[in-house]
Amino acid sequence: MKAPAPLTQAPRVRDWIRLQPEGRVQVLTGRVELGQGNLTALLQIAADELDVPIALVDISSGDTRLTPNEGFTSSSLSIAQGGMSIRWAASAARHLVLARAAAMLDCPSTVLSLHDGEILRDGKTTSLSLWSLADAISEDDLVEAHAAPKPAAERHITGRSVARIDLRDRLMGAPFVHDLMLPDMLHGRVVHPPCLGASLNAFDEQALRERPGVEAVLRDGSVIGVVARSTHHANLACDWAHANVRWNVPAADIPDAVAAIAASQEDTTPIHEAGDVSQVSGERIHHKVSRPYLSHGSIGPSAAVALWQDKRLQLWSHAQGPYPLRDAIAMVLKIPATDIDVIHLPGAGCYGHNGADDVALDAALLARTVPGRPVKVVWSRADEFRCSPLGPGMVTRIDAVVDTDHRLLAMDVMVNSAPHGNRPGRNGSPNLRAAAFLAEPMLPSRSNDIPPENGGGADRNASPLYVMDHVRVQKRIVHDLPYRTSSLRGLGAYMNVYAIETLMDRLAAQAGEDPFDYRLRHLQDERAIEVLQTLRREIERWQALPHSEGVGCGIGFARYKNTAAYCAIWVRALVQERVRITHAIAVLDGGEIINPDGVINQTEGGMLQSLSWTTQEAIRFDGPAVASENWLDYPILTFSDVPAIDVVLINRPDQPPLGCAEGAQGPMAAAIGNAVHDAIGVHVPDLPITHDALVKAALNH
């Protein structure tokens, strides 16, 4: 069995597991809790391998002073990689302790076992425990040298729904970085330039210093910020500065950013090719879909706290990657990364690269003006929309070829997209907004996108899982637009699954076949087939009901990244002035499922986010700047629009966990698009499926 990838960076047992003398286990993880419940699942894994109750296990996460460097908590890898690293490390700890106990008891280790942390011999207690033999694990013991994880049949804690360890504090306490109060704390705000490429024209710095409550002013190039005695004073000073500053804004005549992406002729990158799509004979079907630029739309705005003290910088942040953030800020400040501590605290949750990293740099720059005093920075809602990286606009084209029996012979896929791979530190740049406006600016690098071996970026899920002899997949990353983009949940998978799955429904209708049957005759993957067949059984009661006017049903299917979770979704749509989804059913095969309740929650969350993207969300622009600045400009799904949802899990405890958090986005979007077509006979190619999009599609039909 191949060792989990994070063990390369953190190979020692004590990088992951510490046995504390007071009778507790400390688990260390570089993964962070973003609302997905992953820390609870990681505790289950460790407790199961060490045979201790979860109540005796603590977890420390996302702290550069202590925890391993696991990069970003992203791409549905918290369990598939991070969790398996903990399983291996806990297994190694178990075997090291039992080997020491066997030597002390002069018996073979095969007669020893663990129960609630106590070491048993032939099922009877001894005087030994995990805690009394904690020193059996040395600083130099390597995980790979001692790991032998339990077989599935011997696990009793994983595979069960366990209450999340973080919910009580989130509901009843004050765990968020926004709540952090430190002695002598000040409050800061940055006056953000309106867009990339803008520069400061005129500004009265002295007048800003004289505003009520202002303790310090930052001015570095085109970066202006205030540090004040209270949030109120900081906000008033920032509002005054916004009203009085003058910017030089670059000209940009872009009537339609998505159309510009579609028309781009930048270089293409080949992703996958089998056969020769240009030589295939048969009926050709052209299919084109698009999505707009999207916001993360986190309900809580980004926030951070920074403190410069004793020549060190401490940062409290809700970033997805504490270590990458540390390294990116070190790049900007030109100090060693080891002089910076980043400690993760919860925020409102995020789905990729949002403003959490940018606001951390804002806080660091402001705190440097008042050494010895912590500074908290909380962005405004307008800051969040205008300054956070956006989810890229995309256009996916597919030319398909079918034979006289409507069997798929070829797909030629071309994905045009703004960049997805601009996380902090990528491509040799900090990729932090304020860094681009300093007197010595550090501009974002030209993005190379995410390579296919890491799941792909714009091309994620662009290679069809369906069987055919001829396939070509290419991508074109469009760099010449002024909008700042980066990773948003699922990257290109959402758009590409929508493209492939709405095409499959078109082909099924053209063949006069049931959408399930058409997909199944193009699949060989047994797990994919089982997921679709399970969904078909789950919706039998709905298929027996007569269709009312404006009511339609649709399905969507994908295997996320073609390597992670399988997910098939059915929805029932009511299409009138707008699209309303009334019911949705998902079937998900995530391999080994650690916490079923957590997987269900993640799948439901992905379905709802996809529903919001697919029917409502779109960023508006004003030339080179983002024009959306509040929830009226950028509507999202509300509680009254939430459908009845049922999630069915296929658990395979003998198989590796596949990761599930991003598996539902694409299938949900495709199911909605196909249900709309079923309801009104019109395919809507351009998302979101608003009233205007429905009218446009009907006119073009």
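Draft legend 1. Inspection of the overall build of the protein chain at higher detail. Check the secondary structure of the protein chain and you find 17 helices and 26 strands. For 701 residues, the compact-globule estimate of 2.2 N^0.38 gives 27 Å, and the C-alpha radius of gyration of the protein chain, at 27 Å, lies within 12% of that figure. Within the protein chain, the proportion of its 701 residues that are buried is 60%. Contacts spanning at least 24 positions in sequence make up 77% of the contacts within the protein chain whose residues lie at least 6 apart. Entry remark: accessible area of the protein chain is about 27,100 Å², with carbon and sulfur atoms responsible for 50%.

Draft legend 2. Looking closely at the pattern of salt bridges. For the structure on display, the rule yields 40 salt bridges. With a closest N to O distance of 2.7 Å, Asp449 and Lys475 form a salt bridge. In this pair, Asp449 is assigned in the loop between strand S19 (408-417) and strand S20 (470-477) and Lys475 in strand S20, connecting sequence segments 26 residues apart. Assigned by exposure class, Asp449 and Lys475 land together as buried. A salt bridge links Glu501 to Arg519, with the nearest nitrogen and oxygen atoms 2.8 Å apart. In this pair, Glu501 sits in helix H11 (residues 493-511) while Arg519 sits in helix H12 (residues 515-520), placing the two residues 18 residues apart along the sequence. The same class applies to Glu501 as to Arg519, namely buried.

Draft legend 3. Here's a closer look at a nonpolar patch on the surface. Judged by side-chain polarity, Leu167, Leu171 and Met172 come together as a nonpolar surface patch covering roughly 360 Å² of accessible area. As for its position among the elements, Leu171 is in helix H4 (residues 167-172).

Draft legend 4. View of unusual backbone geometry. Following Leu687, the chain continues to Pro688 via a peptide bond in cis, the omega torsion being 0 degrees. Checked against the element boundaries, Pro688 lands in the loop between helix H16 (665-680) and helix H17 (691-700).

Draft legend 5. Focus on the layout of surface pockets. Size it by volume and the second largest pocket reaches roughly 610 Å³. Residue lining of the second largest pocket: 26 residues in total, with Asp256, Val258, Pro292, Ala618 and Leu687 positioned closest to the centre. Mapped onto the lining of the second largest pocket, the elements with two or more residues apiece are helix H7 (257-263), strand S13 (283-291) and H17. In terms of residues, the lining of the second largest pocket owes the most to one element, H7, which gives 4 residues. Across the lining of the second largest pocket, the residue classes break down as 16 nonpolar, 3 polar and 7 charged.

Draft legend 6. Region of the structure containing the sheet that holds strand S14 (residues 303-309). The strand order across the open sheet built from 7 strands is S9-S10-S7-S17-S14-S15-S16, with neighbouring strands paired in mixed fashion. Two strands in the sheet have a free side with no partner beyond their single neighbour: strand S9 (214-220) and strand S16 (340-344). Mean inter-strand twist for the sheet, computed between neighbouring axes without regard to direction, equals 20 degrees. Where strand S15 (residues 312-317) and S16 come together, 5 bridges link them in parallel fashion. By the bridge assignment for S16, Trp316 is matched with Ile343. Strands strand S7 (186-191), S9 and strand S10 (223-228) of the sheet are contacted by helix H6 (residues 231-244), whose axis makes an angle of about 15 degrees with S7. With respect to the sheet, helix H8 (residues 322-333) is in contact with S14, S15 and S16, its orientation differing from that of S16 by roughly 145 degrees.

Draft legend 7. Geometry of the side chain of Glu617. Tracing the sequence through the fold places Glu617 in the loop between helix H15 (596-615) and strand S24 (621-622). Buried and unpaired, Glu617 has no salt bridge, with Arg291 as the nearest side chain of opposite charge at 9.5 Å. Here the side chain of Glu617 touches Ser612 through a polar contact of 2.5 Å, side chain to side chain. Excluding anything up to four places from it in sequence, Glu617 contacts Pro292, Leu294, Ser295, Ser612, Tyr634, Pro635, Ile636 and Pro688.

Draft legend 8. Just empty space enclosed by the protein, in detail. Tallied over the full model, the rule gives 3 cavities of 30 Å³ or more. Lining the largest cavity are 14 residues, and of these Arg386, Arg433, Tyr483, Arg484 and Val626 lie nearest its centre. Mapped onto the lining of the largest cavity, the elements with two or more residues apiece are helix H10 (381-387) and strand S25 (625-626). Along the lines of polarity and charge, the residues of the lining of the largest cavity split into 10 nonpolar, 1 polar and 3 charged. Computed from the structure, the second largest cavity encloses a volume of approximately 90 Å³. Around the second largest cavity sit Asn461, Ser463, Pro464, Leu465, Tyr466, Val497, Ile500, Glu501, Phe557, Ala558, Arg559 and Asn562, which together line it. Looking at the lining of the second largest cavity, the elements with two or more residues in it are H11 and strand S21 (551-559).

Conventions adopted
- Residues numbered from 1 in each chain as written.
- Predicted model: local features only at pLDDT ≥ 70, side-chain atom pairs only at ≥ 80, totals over all residues.
- Heavy atoms only, no water.
- Helix = DSSP H or I, 4+ residues; strand = E, 2+ residues; numbered from the N terminus.
- Rg over C-alpha atoms; globule rule 2.2 N^0.38 Å.
- Buried < 20%, exposed > 50% of the residue type's maximum accessible area, 1.4 Å probe, protein only.
- Contact = heavy atoms within 4.5 Å.
- Areas by Shrake-Rupley, 256 points an atom, 1.4 Å probe, with all protein chains shown as cover.
- Salt bridge = Lys/Arg side-chain N within 4 Å of Asp/Glu carboxyl O.
- Patch = residues over 30% accessible without salt bridge, like charges linked within 9 Å, V, L, I, M, F, W, Y side chains within 5 Å.
- 1 Å grid on protein atoms, 1.4 Å probe; cavity = no way out; pocket = protein on both sides within 12 Å on 5 of 7 lines; lining within 4 Å.
- Points joined across faces, edges and corners; volume = space filled by probe spheres on them.
- Nonpolar A, V, L, I, M, F, W, Y, C, P; charged D, E, K, R; others polar.
- Pairing = 2+ DSSP bridges.
- Axes fitted to C-alpha atoms, helices over the stretch in contact; angles between N-to-C directions.
- Lys, Arg positive; Asp, Glu negative; His and termini not counted.
- Polar contact = N/O pair within 3.5 Å; in protein donor to acceptor, adjacent residues only side chain to side chain.

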